[in-house]
Amino acid sequence: MSTTSAEVKPGRASVFYDPKIRGYFYQILLLAVVGFLIWSAASNAIENLRAQKIASGFGFWHNAAGFDVNQKLIPFSASGSTYGQAFWVGLLNTLLVASIGIVLSTFLGFFVGVARLSSNWIVSKLAMIYVEVIRNLPLLLQLFFWYNAVLKPLPNPRQSIELPAGFLLNNRGLYVPDPQLGPGGNLIIWALLIGLVATFVFRSWAHKQQAATGKQYPIGLIAFGLIIVLPLLVYFATGRPVTFVYPELAGFNLRGGIQIFPEFVALLVGLTTYTAGFIAEVVRAGILAVSKGQTEAANALGLRAGPTLKLVVIPQAMRVIIPPLTSNYLNLTKNSSLAVAIGYPDLVQVFTGTVLNQTGQAVEVVAITMAVYLTISLVTSFFMNIYNKRMALVER
């Protein structure tokens, strides 16, 4: 008996069973939904602006500002400056306090972080108290403390506190001598710049030589000679062309010198001390992440505690420290927007505050401000990621 079997041909599967095609479909659908939401929000905003007769666009950028700013790194006046120039004034003030704050908080944070691991009981506990107190108090409250409780009670200009080197301190700020460059003074600036570049080049070369041969070079001594001694030699060789205009009392105020406003000092101190508390914990965690065997091996080779920390522990700990350190840098920059609470003319206070109130163009002003902070964060992350790759372990 013979049997016949019918050949069964599989049917054609639907294209939606293909995961790649299904993934493309869902992505296109998601983009369409997001695009529709953006279009709806933009249309709604435009209709509301028209209904309230509020102008839109960026034509206000070239309109006269009509207000003045006390701290400005570029020329700015109430009568001859525009809203666009006000934007740059606020942006430069933000970058100034953020860049100085990042440098100072890094040094202070590393110092406190290492101090927390000190074998000295008093030093360790003082560092712990600093970290716990600073990190658990709101930054805004700390800014109010530095501004209202520390700087505002200072005496008026007529009773200014005289500090060394001609510095004067009062409730209107810190007044420092104003350097004036005479003929040949530019050579001192060039000597300083050359010294900085030469120090960076020598430092890179010395590190490569140490990695290849193990020989150490006096980087600190060479840096001191290039950055400090070289400009001083040029200063005396050119006949000391730098003079100083010292602040002096004129009526009820001071005249001459450079005024550092109390708002700037309060914001800088607050941001520095607050961020340093978080950086200290990052540094402490990074050091503890290094195996104790590394320290024991260094001690077995005869290295003291200082060189062991500098040459063995910290270089390995940096691989753990850098990623969270980047986040703290970004937080410091964004936290600088709290300057509006104490009257420091940063980007938020000048542009999002005064300019927005005068023009009424909230969408454009807020969009520009958001784009600026996003750009600053992305640029900071980019350079920190490059540094992180340089510090990463390289497998042989």
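One structure accompanies this document, and this report is about it.

Cut-offs and rules
- Residues numbered from 1 in each chain as written.
- Predicted model: local features only at pLDDT ≥ 70, side-chain atom pairs only at ≥ 80, totals over all residues.
- Heavy atoms only, no water.
- Pairing = 2+ DSSP bridges.
- Helix = DSSP H or I, 4+ residues; strand = E, 2+ residues; numbered from the N terminus.
- Axes fitted to C-alpha atoms, helices over the stretch in contact; angles between N-to-C directions.
- Buried < 20%, exposed > 50% of the residue type's maximum accessible area, 1.4 Å probe, protein only.
- Core = buried A, V, L, I, M, F, W, Y, C linked by side-chain atoms within 4.5 Å.
- Contact = heavy atoms within 4.5 Å.
- 1 Å grid on protein atoms, 1.4 Å probe; cavity = no way out; pocket = protein on both sides within 12 Å on 5 of 7 lines; lining within 4 Å.
- Points joined across faces, edges and corners; volume = space filled by probe spheres on them.
- Nonpolar A, V, L, I, M, F, W, Y, C, P; charged D, E, K, R; others polar.

Focus: the sheet that holds strand β3 (residues 173–176)
So, step 1. One open sheet holds the four strands; their spatial order is β1-β2-β3-β8, and the pairing between them is antiparallel. Every interior strand has two partners, whereas the edge strands, β1 (161–163) and β8 (258–260), have only one. If you compare each strand with its neighbour and ignore which way they point, the axes differ by 25 degrees on average.

What about unusual backbone geometry?
So, step 1. Residue A165 is not a glycine yet carries a positive backbone phi of 65 degrees.
So, step 2. As for its position among the elements, A165 is in the loop between β1 and β2 (167–170).
So, step 3. Judged by its relative accessible area of 58%, A165 falls in the exposed class.
So, step 4. Phi at R240 takes a positive value of approximately 50 degrees, unusual for a residue other than glycine.
So, step 5. Turning to its location among the elements, R240 is positioned in the loop between α6 (219–237) and β5 (242–245).
So, step 6. By relative accessible area, which is 54% here, R240 ends up exposed.

Concerning the nonpolar core
So, step 1. Of all hydrophobic cores here, the largest spans 35 residues; its most connected members are V97, L267, M318 and I321.
So, step 2. Broken down by secondary-structure element, the contributors of at least two residues to this core are α2 (83–116), α4 (139–151), α7 (262–288), α9 (305–335) and α11 (362–391).
So, step 3. Residues contacting M318, with those up to four places away along its chain left out, are F110, Y387 and M391.
So, step 4. Within the second largest apolar cluster, 21 residues are counted, among which are A65, F67, L347 and V348.

Details of the layout of surface pockets
To find leftover empty space, one rolls a probe the size of a water molecule over the atoms.
So, step 1. There is about 1,400 Å³ of room inside the largest pocket.
So, step 2. In terms of lining, the largest pocket is formed by 31 residues, of which the most central are R203, H207, Q210, P315 and M391.
So, step 3. Elements supplying a minimum of two residues to the lining of the largest pocket: α2, α5 (185–213), α6, α9 and α11.
So, step 4. Partitioning the lining of the largest pocket into residue classes produces 17 nonpolar, seven polar and seven charged.
So, step 5. If you trace the second largest pocket, you find 17 residues lining it, with I102, V103, T106, Y329 and M384 closest to the centre.

Things to note about the pairing of β2
So, step 1. Side chains L168 and N170 of β2 all project onto a buried face; the interleaved residues F167 and L169 project onto a face where none is buried.
So, step 2. For β1 and β2, the ladder comprises three bridges, and the chain directions are antiparallel. Residue pairing across strands places L163 opposite F167, the latter belonging to β2.
So, step 3. What sits between β1 and β2 in their antiparallel hairpin is a turn of three residues, with A165 showing a positive phi close to 65 degrees.
So, step 4. In terms of strand pairing, β2 meets β3 through three bridges, oriented antiparallel. Paired with L168 across the two strands is Y175, which belongs to β3.
So, step 5. Taken together, β2 and the strand that follows it, β3, pair antiparallel across an intervening segment of two residues.

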